[in-house]
Amino acid sequence: MRIDILTILPELIEGALNHSIMKRAQDKGIAKIHLHNIRDYSTHRQKSVDDYQYGGGAGMVMTIQPIADCIEKLTLERDYDELIYMTPDGEVLNQTTCNMMSLNKNLLILCGHYKGVDQRIRDLFITKEISIGSYVLSGGELGAAVLVDSIVRLLPGVLNDETSALTDSFQDNLLAPPVYTRPADYKGHKVPDVLLSGNQKLIEEWRMQKAIETTKQKRPDLL
Ligand code: ADE
């Protein structure tokens, strides 16, 4: 999968996506993530990328020219399955959307800043608007990093144990059951006996029961 990210702060995303599983996915060539600094596309003499909003009001708006030029260059080079804009008024990200997006070949993600981008960018180019939650971030970069991480870890070959993404929380609309590792007894706090029993059928039943219990308790809205 190829992902192009348009931002005025590439450093913010670079750090988030160049470690651990995301780094491995890129080293293996499974995910190709390209960062584009919107400022590099500005034809303004001071490389500015924002301006006052028409009608007055606080906050700057990201201008059309550098974003449109960058998008037009990239879309001439390849077809994108989705052109995504990270915004608090977008559709709230969930596991189903991540699963669907992981089936795509080319994604473009635009990160907004200040009051957002000129509406005409959204009207002309954007095919999907995504929010990572009902709160406002300073920019779309952290949201983009969350989105990319949640998609890339699902790509075949990224996780060591191929089944582990399937047992994550939210797959099947259930939260994941509790997990334990050594020691079996920590100062009298013991690992549930069933997990030490070696009986895989009983273990799976216990995990399912715990997943349902946890979901009922913490996220009844999922059931
Ligand atoms: N940009 C600002 N706030 C955001 C949010 N909640 N989700 C995605 N992008 C954003």
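Residues numbered from 1 in each chain as written. Predicted model: local features only at pLDDT ≥ 70, side-chain atom pairs only at ≥ 80, totals over all residues. Heavy atoms only, no water.

Caption draft 1: Quick look at the overall build of the protein. In terms of helices and strands, the protein carries seven helices and nine strands. Taking 223 residues into account, the globule formula puts the C-alpha radius of gyration at 17 Å, and the protein, at 21 Å, lies well above it. C-alpha atoms of the protein, sized along the principal axes, occupy 70 × 40 × 30 Å. A total of 223 residues make up the protein; the buried ones form 41% of that total. Sequence separation of at least 24 residues holds for 75% of the intrachain contacts in the protein that already meet a minimum separation of 6. Looking at the protein as shown, the accessible area adds up to about 13,100 Å², and 53% of this sits on carbon and sulfur atoms. On the protein, the mean spot of the 25 positive side-chain charges and the mean spot of the 30 negative ones are 5 Å from each other. (Helix = DSSP H or I, 4+ residues; strand = E, 2+ residues; numbered from the N terminus. Rg over C-alpha atoms; globule rule 2.2 N^0.38 Å. Buried < 20%, exposed > 50% of the residue type's maximum accessible area, 1.4 Å probe, protein only. Contact = heavy atoms within 4.5 Å. Areas by Shrake-Rupley, 256 points an atom, 1.4 Å probe, with all protein chains shown as cover. Lys, Arg positive; Asp, Glu negative; His and termini not counted. Charge placed at Lys NZ, Arg CZ, Asp CG, Glu CD.)

Caption draft 2: Quick look at the environment of Ser 48. If you trace the backbone, Ser 48 turns up in the loop between strand E2 (32-37) and strand E3 (50-52). For the pair formed by Ser 48 and Met 62, sequence separation is 14 residues and the distance between their alpha carbons is 9.2 Å. The residues contacting Ser 48, other than those within four sequence positions of it, are Arg 39 and Ser 42.

Caption draft 3: Molecular detail of the pattern of salt bridges. Under the definition given, this model contains 14 salt bridges. For Glu 77, the salt bridge is made with Lys 73, and the minimal N-O distance between the two is 3.2 Å. Taken as a pair, Glu 77 and Lys 73 lie in helix H3 (residues 64-77) at a separation of four residues, close to a single helical turn. Judged by its relative accessible area of 42%, Glu 77 is partly exposed. A salt bridge links Glu 213 to Lys 210; its shortest N-O distance comes to 3.3 Å. With Glu 213 and Lys 210 both in helix H7 (residues 200-218) and three residues apart, this pair spans about one turn of that helix. (Salt bridge = Lys/Arg side-chain N within 4 Å of Asp/Glu carboxyl O.)

Caption draft 4: A look at the domain arrangement of the protein. The domain architecture assigned to the protein consists of domain 1 (2-152) and domain 2 (169-222). The centre of domain 1, based on its C-alpha atoms, is set 37 Å off from the matching centre of domain 2. (Domains from an automatic or database assignment.)

Caption draft 5: Layout of the site of the ligand. Inspection of the region around the ligand gives Met 86, Thr 87, Pro 88, Ile 130, Ser 131, Ile 132, Gly 133, Tyr 135, Val 136, Leu 137, Gly 139 and Gly 140 as its neighbouring residues. The contact in question runs from a nitrogen atom of the ligand to an N or O atom on the backbone of Thr 87, over 3.3 Å. In the environment of the ligand, a nitrogen atom lies 3.1 Å from a nitrogen or oxygen atom belonging to the backbone of Gly 133. In isolation the ligand exposes 260 Å². Once the protein is present, 96% of that is buried. Where the shell around the ligand is concerned, the elements lending two or more residues are strand E5 (82-92) and strand E7 (128-131). Counting residues per element, the shell around the ligand draws most heavily on E5, at three residues. Considered class by class, the residues forming the shell around the ligand number seven nonpolar, five polar and no charged. (Near = heavy atom within 4 Å. Polar contact = N/O pair within 3.5 Å; in protein donor to acceptor, adjacent residues only side chain to side chain. Nonpolar A, V, L, I, M, F, W, Y, C, P; charged D, E, K, R; others polar.)

Caption draft 6: Spatial organisation of the sheet that holds E5. Here five strands make up an open sheet; going across it, the order is E2-E1-E6-E5-E7 and the pairing parallel. The outermost strands of the open sheet, each flanked by one partner alone, are E2 and E7. Taking the axes of each pair of neighbouring strands and ignoring which way they run, one obtains an average angle of 30 degrees across the sheet. Note that E5 and E7 share five bridges and pair parallel. In the sheet register, Val 92 faces E7, and the bridge partner there is Ser 131. Along the sheet, helix H6 (residues 141-152) contacts strand E1 (2-7), E2, E5, strand E6 (106-111) and E7; its crossing angle with E6, the most-contacted strand, is approximately 160 degrees. (Pairing = 2+ DSSP bridges. Axes fitted to C-alpha atoms, helices over the stretch in contact; angles between N-to-C directions.)

Caption draft 7: Expanded view of a nonpolar patch on the surface. Taken together, Leu 9, Leu 12, Tyr 135, Leu 137 and Leu 142 make up a surface patch of nonpolar side chains, about 420 Å² in accessible area. You can see Leu 12 is positioned in helix H1 (residues 10-17). The class for Leu 12 is partly exposed, based on a relative accessible area of 42%. (Patch = residues over 30% accessible without salt bridge, like charges linked within 9 Å, V, L, I, M, F, W, Y side chains within 5 Å.)

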